[in-house]
Every structure is written in C-alpha cells, then in structure tokens.
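Here are the chains, one letter per residue:
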Amino acid sequence: MRKWNFSSGPAVLPEPVLRKAQGAILDFEGSGIGILEHSHRGPEFSALADRCEKLVREVGRVPDDYVVMFLQGGASAQFHMVPMNLLAPDRTADYCVTGSWGQKAVAEAKRFGTVHVACSGEGSQFRALPDTVRFSDNPAYVHVTSNETIAGVQWPSLPEPPDGVPLVCDASSDIFSRPLDVSRYGLIYAGAQKNLGPSGLVLAIARRELVEGARRDLPTMLQYRTWATDHSLYNTPPTFSIYVMTEVLAWLIAEGGPAAMAERNAAKAALLYDYLDQSTLFEAPVARGSRSQMNVVFRAKGGRSELETRFLAEAEMRGLANLKGHRTAGGMRASLYNAMPLEGVRALVAFCEDFERAAR
Ligand SMILES: *Cc1c(COP(=O)(O)O)cnc(C)c1O
C-alpha cells in the first residue's frame with residue numbers, strides 16, 4: 001500500500017503517471033523497446049522531447065519569444081549558471097533572500113560579480129517576507145526564490161524589478177502550482193523533483209534575447225545558448241526524467257492546469273493551517289501573509305521536541321511519511337505539492353487531531 005508522502009523532494013508523483021511509466025519501462029508506446037533504452041537521437045525520443053516542450057508551453061502559456069530548456073545538475077547548478085551567463089564582473093546583481101536557497105544562490109553569484117541583497121528575511125529568521133525591497137542602480141538582473149522550501153515562505157506575488165531589468169526566479173518548489181505570467185520574467189528555473197518529475201532534471205524558461213546576449217566565453221555546457229540552440233540535445237539528456245515530466249505535464253493539463261491546481265493547493269494549505277492556528281499543541285511559525293502553500297512548516301508549542309519525535313514516529317505508523325522538518329530547521333514540514341491529493345491532507349489533519357486529543 002502506498003503511503004501519503006509529504007516529502008519536500010524528491011516528492012510524491014501522480015499515481016497514474018507512475019503506473020504508465022511502469023509499462024513504458026518495458027515497452028515505450030508499442031515500440032518494443034523500453035523508454036530507458038531508446039536512443040536520444042531516435043524518432044521516438046525526438047517526438048517525446050517535442051511533446052514535452054509543447055506541454056510546457058501550453059501549461060505555462062509560454063510566449064514565442066521564450067526558449068524552453070531541459071537542464072541538468074539540479075536547481076543548485078543554476079545558482080552558478082545564472083551569474084556566469086548574466087552577470088559581467090563589473091556589474092551588480094540584486095538578490096531577494098527569503099530563505100536558505102536564496103542564500104546559496106547569493107554565495108555562488110559572488111564568485112562572478114557584485115551582489116546586492118535587495119531584501120532579506122534573515123532578521124525574522126525567515127519567518128516572514130521582507131517588507132521593503134531596495135534595488136541597486138541598474139542591476140544586471142533581480143533574482144528571487146518564489147517559494148522557500150525549507151522555511152516554508154512563499155511570495156504571494158513577486159517583487160517588481162526596475163524597468164527593463166530581467167527578473168530571474170528559482171521556482172523549484174512552486175512552479176505550475178498556480179498560474180504564472182512568463183512575460184514578466186527574464187528566466188524561470190525549477191528543479192523537477194518537487195512539482196514536475198524526477199530529480200536531476202531542471203526546467204528553464206528564458207527570454208530568447210537574454211540567452212542570445214549572454215556571455216560566449218564559457219564552457220559549452222555552461223552557456224544557456226547551447227541548450228537553447230540544440231534543443232537541450234547537445235549531450236545525452238536524462239531521457240527517462242524527460243519522459244516522466246512529459247506525463248506529469250499531461251496529467252496537470254487533464255486536471256485543469258495551474259488555475260485548477262491553485263484552487264486545490266489553496267484548499268489543501270488552508271485545511272492544515274486552519275487546524276494549526278486553533279491547535280493548543282502545535283503552531284505554524286511563519287507569518288500569515290508569508291506562508292507557503294507548498295511547504296507547511298509547523299512545530300510543537302513551547303519547543304517540546306520529545307513530543308515532535310513521538311508525533312513523527314506515530315505518523316509513520318499511520319502511513320503519513322516524511323513529515324520531519326529540514327535538518328537545519330527541526331520540527332515538522334508537510335509538503336503539499338500538486339500531486340498530493342486533498343485526501344492526504346485530510347488524513348494528516350485527522351491524525352494531528354487524534355494525537356492532540358491523546359496528548360491532553
Ligand atoms: C530543492 C530546491 C533547490 C535545489 O535543488 P537541487 O535539485 O537539489 O539542486 C533549489 N531551490 C529551491 C527553491 C528548492 O526547493
């Protein structure tokens with residue numbers, strides 16, 4: 001029996017996608033060859049990659065002057081690839097830091113140019129979004145993390161960069177969880193293992209002009225240009241991961257797309273936060289306007305860690321898996337990505353209520 005998996009990533013995938021993938025491993029679409037065994041230059045995979053890009057364009061309503069890239073190395077590789085391509089040594093890039101992923105992105109960017117922290121939630125230990133943003137003079141780009149997976153902090157709407165300055169967004173943990181207007185961005189990237197598919201694969205959507213104007217003196221595979229020009233087929237792509245992402249996107253469209261997901265995700269998060277806000281045992285530490293709909297962070301009131309340990313052990317026994325908070329944050333975290341059904345959140349809240357009653 002499958003458990004309710006609240007892992008922050010690699011995370012739960014839609015069950016119909018997993019079942020279809022099972023069959024495709026043995027025989028991909030009647031070709032007599034499994035998806036893992038097909039050449040990336042063959043007609044079957046070429047058609048699949050085309051379909052994947054088409055689905056990304058459909059789900060994201062991606063304008064024609066944007067390129068879609070399937071990158072590798074995880075979202076973390078974008079922390080250096082972004083400044084390598086877009087930040088000249090004599091320029092400044094602005095970073096909005098709302099958690100530890102943003103901090104990591106800053107550390108990498110500093111290797112290539114000047115970084116200006118335009119806003120930071122560090123003062124609140126990342127329990128709230130910063131309330132003021134101060135940009136530098138003419139930054140090369142503004143980088144934001146739309147959802148900070150560890151702290152559980154999400155921008156309800158992103159800060160608006162100065163006129164003409166590209167907005168670069170790490171959307172790893174909330175891409176396609178709600179509608180997005182691609183035309184507002186210079187570049188969006190997302191590691192696939194939260195909302196899209198297997199780990200290692202990264203989806204990136206970028207304004208073509210930005211990619212064309214990027215640096216040319218970098219190693220081939222570190223230039224966005226290479227990925228855009230060669231349709232992400234310069235080297236052997238992670239073919240199986242692209243297959244799974246294609247099926248996840250098809251599932252997403254069948255389920256009503258990002259608008260339907262936004263409604264569902266809001267209902268899922270509200271169910272859990274509403275319970276936590278009235279609980280006498282647990283609390284959600286993140287400020288109300290800053291709370292993530294994807295990663296709900298909570299803990300026992302009064303820092304009772306022995307209670308948290310017991311809660312996590314009993315939750316596992318009830319088939320509620322991976323609720324432990326990040327190793328740097330402690331407490332609990334329930335990740336409620338697109339593929340987590342409302343039913344799973346209901347099961348979690350019911351267990352919390354039982355646990356609270358028994359602890360009284
Ligand atoms: C998970 C995550 C990353 C890192 O992804 P990797 O694939 O492990 O490199 C970066 N940013 C955010 C917001 C994430 O949630």
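Keep in mind that what you see is a predicted model, and the values were worked out from it rather than measured.

Undergrad: Describe the packing of aromatic side chains, naming the residues involved and giving the relevant values.
TA: If you walk through the whole model with that rule in mind, you get 11 aromatic pairs. With a centroid separation of 5.1 Å and an interplanar angle of 40°, the aromatic rings of Phe-311 and Phe-351 are classed as tilted. Taken together, the positions of Phe-311 in helix α9 (residues 305-317) and Phe-351 in helix α10 (residues 342-359) put the pair 40 residues apart, joining distant regions of the chain. Overall, the relative accessible area of 3% leaves Phe-351 in the buried class. In this structure an aromatic cluster arises from ring pairing among Phe-282, Phe-298, Phe-311, Phe-351 and Phe-355.

Undergrad: Mind laying out the site of the ligand, listing which residues take part and the relevant values?
TA: Around the ligand, a shell composed of 13 residues is seen, among which Ser-76, Thr-149, Asp-170, Gln-193 and Lys-194 lie nearest. Separating a nitrogen atom of the ligand from a side-chain N or O atom of Asp-170 is a distance of 2.7 Å. Within the side chain of Lys-194, one N or O atom sits 2.7 Å away from an oxygen atom of the ligand. Per-element tally for the shell around the ligand: the top contributor is helix α3 (residues 74-86), with 4 residues.

Undergrad: Could you give an account of the environment of Glu-247, with specific residues and numbers?
TA: Note that Glu-247 resides in helix α7 (residues 239-254). With a relative accessible area of 7%, Glu-247 lands in the buried category. In sequence terms Glu-247 and Asp-170 are 77 residues apart; their C-alpha atoms lie 23 Å from each other. Not counting residues within four places of it along the chain, the set of residues in contact with Glu-247 comprises Val-17, Lys-20 and Arg-51.

Undergrad: Describe the sheet that holds strand β4 (residues 114-120), with residues and values.
TA: Pairing is mixed in the open sheet, where 7 strands are placed in the order β2-β10-β9-β8-β5-β3-β4. A strand with exactly one partner marks an edge of an open sheet, and here the two such strands are β2 (66-72) and β4. Averaged over neighbouring strand pairs, the angle between their axes works out to 20° when direction is ignored. In this structure, β2 lies alongside strand β10 (residues 201-207), joined through 7 bridges in antiparallel fashion. Considered in β10, the bridge of Tyr-66 is made with Arg-207. Against the sheet, helix α2 (residues 43-60) contacts β2 and β10, and its axis sits at roughly 120° relative to β2. Of the strands in this sheet, β3 (92-97), β4, β5 (142-145) and β8 (167-170) are in contact with helix α4 (residues 100-109), which crosses β3 at around 165°.

Undergrad: So what's going on with the side chain of Arg-225? Which residues, and what values?
TA: Within the fold, Arg-225 resides in helix α6 (residues 224-229). Of the side chains with opposite charge, Glu-212 lies nearest to the buried Arg-225, which makes no salt bridge, at 7.6 Å. At 3.1 Å, the side chain of Arg-225 forms a polar contact with the backbone oxygen of Glu-212. Arg-225 has contacts with Val-211, Glu-212, Gly-213, Ala-214, Arg-215 and Arg-216, leaving out every residue within four places of it along the chain.

Undergrad: Kindly report on the nonpolar core, identifying the contributing residues and their values.
TA: Membership of the largest hydrophobic core comes to 84 residues, with the highest contact counts inside it found for Met-69, Tyr-95, Tyr-141 and Leu-249. Excluding its chain neighbours within four sequence positions, the residues that come into contact with Met-69 are Val-202, Leu-203, Ala-204, Ala-206, Val-211, Tyr-224, Trp-227, Ala-228 and Ser-232. Judged by nonpolar contacts, the second largest core, of 30 residues, contains Phe-311, Ala-315, Leu-323 and Met-332.

Undergrad: Kindly report on the pairing of β8, identifying the contributing residues and their values.
TA: Across the two faces of β8 the burial is the same, with Leu-167 and Cys-169 and Val-168 and Asp-170 all buried. As defined by bridge partners, β5 adjoins β8 across 4 bridges and the pair is classed as parallel. Bridging from a neighbouring strand, Val-142 pairs with Leu-167 of β8. One ladder, built from 3 bridges, connects β8 with strand β9 (residues 187-191); its direction is parallel. Looking at β9, one finds that Cys-169 is bridged to Ile-188.

Undergrad: Outline the packing of α2 against α7, listing residues and values.
TA: One can describe the packing of α2 onto α7 by two numbers: an axis separation of 9 Å at closest approach and a directional angle of 40°. Overall, the two elements α2 and α7 adopt an arrangement that is oblique. Considering only the axes of α2 and α7, their crossing is left-handed. Facing α2, whose interface residues are Phe-45, Leu-48, Arg-51, Cys-52, Leu-55, Val-56, Glu-58 and Val-59, α7 presents Thr-239, Ile-242, Tyr-243, Met-245, Thr-246, Glu-247, Leu-249, Ala-250, Leu-252 and Ile-253.

Undergrad: With reference to specific residues and values, describe the side chain of Glu-308.
TA: For Glu-308, the position within the fold is in helix α9. Buried charge without a salt bridge: Glu-308, with Arg-299 as the nearest opposite-charge side chain at an N-O distance of 6.3 Å. What Glu-308 contacts, discounting residues up to four positions off in sequence, is Arg-299, Ala-300, Gly-331 and Met-332.

Undergrad: Quick one: what's the story with the domain arrangement of the protein chain, residue by residue and with numbers?
TA: Considered domain by domain, the protein chain is made up of domain 1 (16-254) and domain 2 (257-359). Its C-alpha centre places domain 1 at a distance of 27 Å from the equivalent point of domain 2. Taken residue by residue, the interface counts 24 residues in domain 1 and 26 residues in domain 2. Joining domain 1 to domain 2, the criterion identifies 0 salt bridges. For the pair domain 1 and domain 2, the interface holds 13 residue pairs in polar contact (both at pLDDT 80 or more). Of all elements in the fold, only β7 (153-154) and α7 reach the threshold of two or more residues within the side of domain 1 that touches domain 2. Sorting elements by how many residues they give to the side of domain 1 that touches domain 2 places α7 first, with 3 residues.

Cut-off values and rules
Residues numbered from 1 in each chain as written. Predicted model: local features only at pLDDT ≥ 70, side-chain atom pairs only at ≥ 80, totals over all residues. Heavy atoms only, no water. Phe/Tyr/Trp six-rings, centres within 6.5 Å; stacked < 30°, edge-to-face > 60°. Helix = DSSP H or I, 4+ residues; strand = E, 2+ residues; numbered from the N terminus. Buried < 20%, exposed > 50% of the residue type's maximum accessible area, 1.4 Å probe, protein only. Near = heavy atom within 4 Å. Polar contact = N/O pair within 3.5 Å; in protein donor to acceptor, adjacent residues only side chain to side chain. Contact = heavy atoms within 4.5 Å. Pairing = 2+ DSSP bridges. Axes fitted to C-alpha atoms, helices over the stretch in contact; angles between N-to-C directions. Lys, Arg positive; Asp, Glu negative; His and termini not counted. Salt bridge = Lys/Arg side-chain N within 4 Å of Asp/Glu carboxyl O. Core = buried A, V, L, I, M, F, W, Y, C linked by side-chain atoms within 4.5 Å. Parallel < 35°, antiparallel > 145°, perpendicular 65-115°, else oblique. Left-handed = near helix turned anticlockwise from the far one by under 90°. Domains from an automatic or database assignment.

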